[in-house]
There are 2 protein chains.
Amino acid sequence: MEIRKITSAQNEYIKMLAKLSSKKHRDEEGLFLAEGEHLAQMAVMSDYCVENLLMTEEYYSNNNDKFSCNITIVPRSIIEKISDTKTPQEIVAVVKTEQEETDLTDGKYIYCDNLQDPGNVGTIIRTADAFSFDGVILSEGCADVYSPKVIRSTQGSIFNIKIIRNRNIEFLKKVKNDFMITSTALYGKSMELKKMTVKKNHIFVVGNEGSGVSKEILDICDEIAYIPMSGKAESLNVSVAASIVMYEVKNRE
Amino acid sequence: MEIRKITSAQNEYIKMLAKLSSKKHRDEEGLFLAEGEHLAQMAVMSDYCVENLLMTEEYYSNNNDKFSCNITIVPRSIIEKISDTKTPQEIVAVVKTEQEETDLTDGKYIYCDNLQDPGNVGTIIRTADAFSFDGVILSEGCADVYSPKVIRSTQGSIFNIKIIRNRNIEFLKKVKNDFMITSTALYGKSMELKKMTVKKNHIFVVGNEGSGVSKEILDICDEIAYIPMSGKAESLNVSVAASIVMYEVKNRE
């Protein structure tokens, strides 16, 4: 554990952190930021490796017995510089992106097929955690799970649940023998959600905000389920649909 | 039906429209914007009064038989000026904010107590429409339903469903004789969602993102229900919670 002070925004480490707002730099550095006390504390208590905690002098003087990580004391202006929010908080955790998981363990997973909206990805992770799913699988092309907006939308659940990134149809084909795969879709040869089968090892697929689950996944899945709607709206928000699926699965246990 | 052309961004009408990004001006003018073909078409087909359709010359020449409203042809730069999105579309509807509804008709309603996030308000309106609820009631202090972000999140459902704005605890006290009132809350003397009563005339209350349903509403409601969670997440996103409540209500019919 090391405590240091940085006062210049031109410091190379600070300049590097400021660049973590872009996915390219997060991937290159293998780091992301968890902003604010709640997220920083969750990061510290999680299996993720917290490289550093940036905090203001004031925050440090009130909380210096709370953390046993490397601490960097910085002026508020530096936190503002690296922060994604308009009203930045007094502490930011610099966290190492988790190692890629290669194998699925037994259990229930949500597979997000090409979700574009960071808020949707984050909200699905939050609900999957709340309903004790075993993990969230993100396809190639999904919003980056380490983006500030996703992290915020998870409300910290990113630190509670397994996230498996950059997967595709080949991955689903490979695990198909061991996992039942159910897609949600609006139409087609689908069944009401209430009637879907729920297995111990099960992957539930939700699809892109505009185009839904891709045809190639629909072709290989075991069941297709829809959520009955009676109003004029053409569809549900995908994080709502995913959450209703998880609620329904949870109710079967 | 009138067709005119405006080319100057300094035109007084255009300057007024550009100000509709702020709630103050939307309230003063009694107008809001529905951006893009999908929303503009839904506005035209709805009970709302579309004062004007702004469109580019190109859009007009391809679609001039589609609309029987007042049309203003403008350069793309003007649409960019009044638009909330980074990639503005070719058509924007200028819509009159609906008259305040004073009485509730029979049916099922979601009451949003002080929701701050426009995406949550919009998503709840979208789900309420999908599950054919009779309306969405917004308390004083909720994100403005006519803000561009709410309108976008509703995906057009704002034009399908009754919205009742600026209500408060007095409103709930007044309708309490005719409507059952159920709040969702995390803890307390609450029952599992599955066990809640569902009546023909029923208001379901969801609460602020941080603090939940206010105590004064919890005190007057007939039942308090919670969604069982088993994971580490402390709570669900409020639009997810509201959607699960509506799904559950729908399932009882």
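This structure is a prediction, so every number in the text was calculated from the model and none was measured.

Digging into the nonpolar core
Within the largest apolar cluster, 116 residues are counted, with the highest numbers of intra-cluster contacts made by Leu53(A) and Leu53(B). Once residues lying within four places of it in the same chain are set aside, the contact partners of Leu53(B) are Ala40(B), Val44(B), Phe67(B), Cys69(B), Asn70(B), Ile71(B), Thr72(B), Ile91(B), Val92(B) and Ala93(B).

Quick look at the relation of the copies chain B and chain A
Expressed as a screw operation, the relation of chain B to chain A combines 0.0 Å of axial shift with a rotation of 180 degrees, fitting to an RMSD of 0.0 Å. Seen this way, the second copy is the image of the first under a two-fold rotation axis. Of the residues that chain B buries at the interface, 100% are likewise interface residues in chain A, meaning the two copies contact each other through the same surface.

Things to note about the packing of aromatic side chains
All chains considered together, the criterion is met by 15 aromatic pairs over all chains. With a centroid separation of 5.9 Å and 75 degrees between ring planes, the pair formed by Tyr109(A) and Phe179(A) is classed as edge-to-face. Pair noted here: Tyr109(A) is in strand β6 (residues 108–113) and Phe179(A) is in the loop between α8 (169–175) and β9 (180–184), with a separation of 70 residues, a long-range link. Classification of Tyr109(A) as buried rests on a relative accessible area of 0%. Judged by centre distance (5.9 Å) and plane angle (80 degrees), the rings of Phe32(B) and Tyr48(B) are edge-to-face. In this pair, Phe32(B) is assigned in strand β2 (residues 31–35) and Tyr48(B) in the loop between α3 (37–45) and β3 (50–55), connecting sequence segments 16 residues apart. Take Phe32(B) and Tyr48(B): they sit in the same class, and that class is buried. Connected via pairs of aromatic rings, a cluster forms that spans Phe32(A), Tyr48(A), Tyr146(A) and Phe159(A). Its end group placed over the ring of Tyr13(A), Arg4(A) keeps NZ or CZ at 4.8 Å from the ring centre.

Looking at the sheet that holds strand β6 (residues 108–113) of chain B
Residues and elements named next belong to chain B. Sheet architecture is open: seven strands sit in the order β8-β7-β6-β11-β9-β12-β10, paired in parallel fashion. The sheet is open, and its two borders are formed by β8 (162–167) and β10 (191–192), each paired with just one other strand. Those strands touched by helix α6 (residues 118–130) are β6, β7 (135–139), β8 and β11 (202–207), and its axis lies near 155 degrees from that of β7. Sheet strands touched by helix α10 (residues 238–252): β6, β9 (180–184) and β11. Its angle to β11, the strand with the most contacts, is close to 160 degrees.

A few points about the interface of chain B and chain A
In this complex, chain B contributes 31 residues to the contact, which on the side of chain A involves 31 residues. Summing both partners gives a buried area of about 2600 Å² for chain B against chain A, and 58% of it is carried by carbon and sulfur. It is Arg126(B), Ala130(B) and Tyr247(B) that lose the most area in chain B upon contact with chain A, and together they represent 22% of the buried surface on that side. Remark: the boundary between chain B and chain A carries zero salt bridges. The interface formed by chain B and chain A holds 18 residue pairs in polar contact (both at pLDDT 80 or more) in total. Elements represented by at least two residues in the side of chain B that touches chain A include exactly α6 and α10 of chain B. Ranked by the residues each element gives to the side of chain B that touches chain A, the list is headed by α10(B), at eight residues. Taken together, the residues of the side of chain B that touches chain A break down into eleven nonpolar, 13 polar and seven charged.

Regarding unusual backbone geometry
All names here are of chain B. Here Asn114, not a glycine, exhibits a phi torsion of approximately 60 degrees, which is positive. One can find Asn114 in the loop between β6 and α6. Positive phi is not limited to glycine here, since Asn166 has a value of about 60 degrees. Secondary-structure assignment places Asn166 in strand β8.

Some thoughts on the domain arrangement of chain A
All names here are of chain A. As far as domains go, chain A holds domain 1 (3–96) and domain 2 (108–252). With centres defined by C-alpha atoms, the gap from domain 1 to domain 2 works out at 31 Å. Between Asp144 and Arg26 there is a salt bridge; the shortest N-O distance is 2.8 Å. Across the contact surface, domain 1 and domain 2 share four residue pairs in polar contact (both at pLDDT 80 or more). Mapped by element, the contributors of at least two residues to the side of domain 1 that touches domain 2 are α2 (23–29), β2 (31–35) and α3 (37–45). Of the residues contributing to the side of domain 1 that touches domain 2, the split by class is eight nonpolar, three polar and five charged.

Digging into the sheet that holds strand β1 (residues 3–5) of chain B
Residue and element names in this part refer to chain B. One open sheet holds the five strands; their spatial order is β1-β4-β3-β5-β2, and the pairing between them is mixed. A strand with exactly one partner marks an edge of an open sheet, and here the two such strands are β1 and β2. Across the sheet, the axes of successive neighbouring strands diverge by a mean angle of 25 degrees, strand direction being ignored. Sheet topology note: the β2/strand β5 (residues 91–96) ladder contains five bridges and is antiparallel. Paired with Phe32 across the bridge in β5 is Val95. Across the sheet, α3 touches β2, β3 and β5, and the angle it forms with β5 is around 35 degrees.

Structural notes on the confidence of the model for chain A
Summarising the model, chain A shows a mean pLDDT of 93, and 97% of its residues fall at 70 or more. As scored by the predictor, the complex reaches a pTM of 0.94 and an ipTM of 0.93.

Focus: the packing of helix α10 (residues 238–252) of chain A against α10(B)
Look at α10(A) against α10(B): their axes get within 9 Å of each other, and the N-to-C directions meet at 60 degrees. Between α10(A) and α10(B), the crossing angle belongs to the class labelled oblique. For the element pair α10(A) and α10(B), the recorded crossing hand is right-handed. The residues of α10(B) that touch α10(A), namely those facing Ser239(A), Val240(A), Ser243(A), Ile244(A), Tyr247(A) and Glu248(A), are Ser239(B), Val240(B), Ser243(B), Ile244(B), Tyr247(B) and Glu248(B). Taken together, the residues of the contact of α10(A) with α10(B) sort by class into six nonpolar, four polar and two charged.

Calculation criteria
Residues numbered from 1 in each chain as written. Chains lettered and ligands numbered in written order. Predicted model: local features only at pLDDT ≥ 70, side-chain atom pairs only at ≥ 80, totals over all residues. Heavy atoms only, no water. Core = buried A, V, L, I, M, F, W, Y, C linked by side-chain atoms within 4.5 Å. Buried < 20%, exposed > 50% of the residue type's maximum accessible area, 1.4 Å probe, protein only. Contact = heavy atoms within 4.5 Å. Least-squares fit on C-alpha atoms with pLDDT ≥ 70 in both. Phe/Tyr/Trp six-rings, centres within 6.5 Å; stacked < 30°, edge-to-face > 60°. Helix = DSSP H or I, 4+ residues; strand = E, 2+ residues; numbered from the N terminus. Lys NZ or Arg CZ within 6 Å of the ring centre and 35° of its normal. Pairing = 2+ DSSP bridges. Axes fitted to C-alpha atoms, helices over the stretch in contact; angles between N-to-C directions. Buried area = accessible area lost by both parts, 1.4 Å probe. Salt bridge = Lys/Arg side-chain N within 4 Å of Asp/Glu carboxyl O. Polar contact = N/O pair within 3.5 Å; in protein donor to acceptor, adjacent residues only side chain to side chain. Nonpolar A, V, L, I, M, F, W, Y, C, P; charged D, E, K, R; others polar. Domains from an automatic or database assignment. pLDDT = per-residue confidence, 0-100. Parallel < 35°, antiparallel > 145°, perpendicular 65-115°, else oblique. Left-handed = near helix turned anticlockwise from the far one by under 90°.

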